[in-house]
Amino acid sequence: MLDSLKKVDEKIYNVVLNETKRQRDGVEMIASENFVSPAVMETMGTTLTNKYSEGYPKKRYYSGNEFIDISEQLAIDRAKELFNAEHVNVQPHAGSQANAEAFFSILNIKDKILAMDLAHGGHLTHGSPVNFSGKQYAFFHYGVDPETGRIDMDDVRKRAKIIKPKLLLSGFSAYPRELDFKEFQDIAEEVGAYHMCDIAHIAGLCATGIHENPVPIADIITTTTHKTLRGPRGAMIMSKELDRVKPKSKKSLARKIDSAVFPGMQGGPLDHVIAAKAVAFKEALQPDFKLYIEQVVKNAKALAESFHDLGATMVSGGTDNHLILLDVDESFGIRGKKAETVLDEVNIFTNKNMVPNDRGTPYDPCGIRLGTPAITTRGMKESEMQQIAKWYVETLKNPDDAAVKSKVKQEVLEFIKEFPLYPDLEY
Ligand SMILES: Cc1ncc(COP(=O)(O)O)c(C=O)c1O
């Protein structure tokens, strides 16, 4: 395996070997990452990457799409079954693009959107001034209650009534609690807005019913496919067939979304990735996937309990989902950037993250975000979470102590051998 690559490009061959080793030797706690199955990975490295197929199944702008049509239709049908969706578009190349396309399908430039504050857990595409979203649309934000660290739905309603947005956006990149999608939908209907949920992070939890599934509730739902859903890098948009807000418009909501994706914002779809999405959705429909997601949440709760016992401060005091936000500034007197760096030195991979009312900056915030999807894929359970929490605390309490860091790294390297990653991969 990889023989041709080795012959053609030794430098990239070495990148692949080194990255595989890095993944094998580390405790991957980045909440947005996961390890795809060998079947998903194989599918991405096939001849499907060679095809052009602008358009949709049975309506293509290129010939020779009879097999690609089967693959895309399977991805659509399986996603519909998985999420109980009326309409699915599996072509978005990434989560950010899916959001851009969803906005483009129903909004005009400068229309008002009410979304979660970035510093409280929202995503860049939810109105950051440096992102296309913040530049093209008029964003307003809601946040979390400073006391509880939770979204206050009365406050969301109050803001929605004053702002009268055209779109109410729910969803997050860093919020450890369950969302009340029905309440968001009610508020959107009260003010005549669309309700869009971005479930990029919690898609696996929604698909398995561990978190409420917003797909039968909201107008539009976007998600990445590579986080808790454990598929290839990419995204999809799900929606209602009909446009609730503009019932008299000539196009249905489903058609508006399809034409926003193609020809609105994309050209040829990534057929090798769409086929891999179909494979991942088949995997997610199996009973084993629900057990996996249940374990993801149990592990996150066990980790939170251990952090609590060790005296660390978490936003909202714990978690209901797959992620935790640790206030490392308050807990250990160290900022997020340094915390990320020293944890990397001991082979624990985490990302710096803002916490609500952060005292730092986006590049050097007070928190770190950690999640359990990837380590659960490797087979870890609650008892391993205690050990991981201890390493976090030991490292973050002694960020400049080389002896402590060297000891923790050795322990991590020994520990990780018990959880082999891609044991059958020949590289
Ligand atoms: C809530 C949310 N939406 C959208 C995205 C964007 O996805 P991508 O990185 O695939 O563009 C992310 C990624 O982190 C996310 O967390």
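Draft legend 1. Geometry of helix α16 (residues 382–397). Its 16 residues place the ends of α16 23 Å apart at the C-alpha level, agreeing with the 22 Å of an ideal helix rising 1.5 Å per residue. Those residues of α16 that fall on the buried side of the exposure criterion are Glu384, Met385, Ile388, Ala389, Trp391, Tyr392, Val393, Thr395 and Leu396.

Draft legend 2. Spotlight on the nonpolar core. With 52 residues, the main nonpolar core has Phe83, Ile151, Ile199, Met236 and Met238 as its most contacted residues. Two domains each donate at least three residues to this core, and these are domain 1 (43–284) and domain 2 (287–416). Leaving out residues up to four positions away in the same chain, Met236 has contacts with Ala79, Phe83, Val88, Asn89, Val90, Pro92, Ala98, Ile221, Thr222, Thr223, Leu229 and Phe281. One finds Met29, Val328, Met385 and Val408 within the second-largest nonpolar core, a separate group that totals 35 residues.

Draft legend 3. The arrangement of the site of the ligand in detail. Around the ligand, 13 residues are found, and the nearest of them are Gly95, Ser96, Ser173, Asp198 and Lys227. At 2.7 Å, a side-chain N or O of Ser173 approaches an oxygen atom of the ligand. Lys227 places a polar side-chain atom, nitrogen or oxygen, 2.5 Å from an oxygen atom of the ligand. In isolation the ligand has 390 Å² of accessible area, and contact with the protein removes 83% of it. Residue composition of the shell around the ligand, by class: three nonpolar, eight polar and two charged.

Draft legend 4. Quick look at the packing of helix α5 (residues 95–106) against helix α10 (residues 253–265). One way to put it is that α5 packs onto α10 with a least axis distance of 8 Å and a crossing angle of 120°. The orientation of α5 with respect to α10, classified from their angle, is oblique. By crossing handedness, the relation of α5 to α10 is classed as right-handed. Across the interface between the two elements, Ala100, Glu101, Phe104, Ser105 and Ile106 of α5 pack against Leu253, Lys256, Ile257, Ala260, Val261, Gly264 and Met265 of α10.

Draft legend 5. Representation of the domain arrangement of the protein chain within the structure. Split into domains, the protein chain comes out as domain 1 (43–284) and domain 2 (287–416). Here the C-alpha centre of domain 2 lies 28 Å away from the C-alpha centre of domain 1. Counting residues at the interface gives 25 residues for domain 1 and 24 residues for domain 2. Summing both sides of the interface, domain 1 and domain 2 together bury roughly 2,100 Å²; the carbon and sulfur share of this comes to 63%. Of all residues in domain 1, Pro176, Arg177 and Arg230 bury the most surface against domain 2, accounting for 29% of the area lost on that side. Taken together, the links from domain 1 to domain 2 amount to one salt bridge.

Draft legend 6. Expanded view of the environment of Lys290. Structurally, Lys290 is set in helix α12 (residues 287–309). Once the C-alpha coordinates of Lys290 and Leu343 are considered, the two residues, 53 residues apart in sequence, prove to be 30 Å apart. When near neighbours in sequence (up to four residues on either side) are disregarded, Lys290 contacts Thr208 and Ile210.

Draft legend 7. Spatial organisation of the sheet that holds strand β8 (residues 194–198). The strand order across the open sheet built from seven strands is β4-β10-β9-β8-β7-β5-β6, with neighbouring strands paired in mixed fashion. Looking at strand neighbours, the two that pair on one side only are β4 (87–89) and β6 (138–142), the edges of this open sheet. Taken pair by pair, the neighbouring strands of this sheet meet at an average axis angle of 20°, ignoring direction. Note: strand β5 (residues 112–116) against β6, five bridges, orientation parallel. Paired with Leu114 across the bridge in β6 is Phe140.

Draft legend 8. Structural detail: the sheet that holds strand β13 (residues 351–353). Read from one edge to the other, the open sheet built from three strands follows the order β11-β14-β13, with strand pairing classed as antiparallel. Looking at strand neighbours, the two that pair on one side only are β11 (323–327) and β13, the edges of this open sheet. Strand after strand, the sheet turns through a mean of 40° between neighbouring axes, direction not considered. In this sheet, strand β14 (residues 367–371) lies alongside β11 in antiparallel orientation, the contact comprising five bridges.

Draft legend 9. Spotlight on the layout of surface pockets. The volume enclosed by the second largest pocket comes to roughly 210 Å³. Lining the second largest pocket are 16 residues, with Ile76, His87, Val88, Arg255 and Asp258 positioned closest to its centre. Of all the secondary-structure elements, those providing two or more residues to the lining of the second largest pocket are α4 (66–83), β4 and α10. It is α4 that contributes the most residues to the lining of the second largest pocket, five residues altogether. Of the residues belonging to the lining of the second largest pocket, the class tally is five nonpolar, three polar and eight charged.

About the criteria used
- Residues numbered from 1 in each chain as written.
- Predicted model: local features only at pLDDT ≥ 70, side-chain atom pairs only at ≥ 80, totals over all residues.
- Heavy atoms only, no water.
- Helix = DSSP H or I, 4+ residues; strand = E, 2+ residues; numbered from the N terminus.
- Expected span 1.5 Å × (residues − 1).
- Buried < 20%, exposed > 50% of the residue type's maximum accessible area, 1.4 Å probe, protein only.
- Core = buried A, V, L, I, M, F, W, Y, C linked by side-chain atoms within 4.5 Å.
- Domains from an automatic or database assignment.
- Contact = heavy atoms within 4.5 Å.
- Near = heavy atom within 4 Å.
- Polar contact = N/O pair within 3.5 Å; in protein donor to acceptor, adjacent residues only side chain to side chain.
- Areas by Shrake-Rupley, 256 points an atom, 1.4 Å probe, with all protein chains shown as cover.
- Nonpolar A, V, L, I, M, F, W, Y, C, P; charged D, E, K, R; others polar.
- Axes fitted to C-alpha atoms, helices over the stretch in contact; angles between N-to-C directions.
- Parallel < 35°, antiparallel > 145°, perpendicular 65-115°, else oblique.
- Left-handed = near helix turned anticlockwise from the far one by under 90°.
- Buried area = accessible area lost by both parts, 1.4 Å probe.
- Salt bridge = Lys/Arg side-chain N within 4 Å of Asp/Glu carboxyl O.
- Pairing = 2+ DSSP bridges.
- 1 Å grid on protein atoms, 1.4 Å probe; cavity = no way out; pocket = protein on both sides within 12 Å on 5 of 7 lines; lining within 4 Å.
- Points joined across faces, edges and corners; volume = space filled by probe spheres on them.

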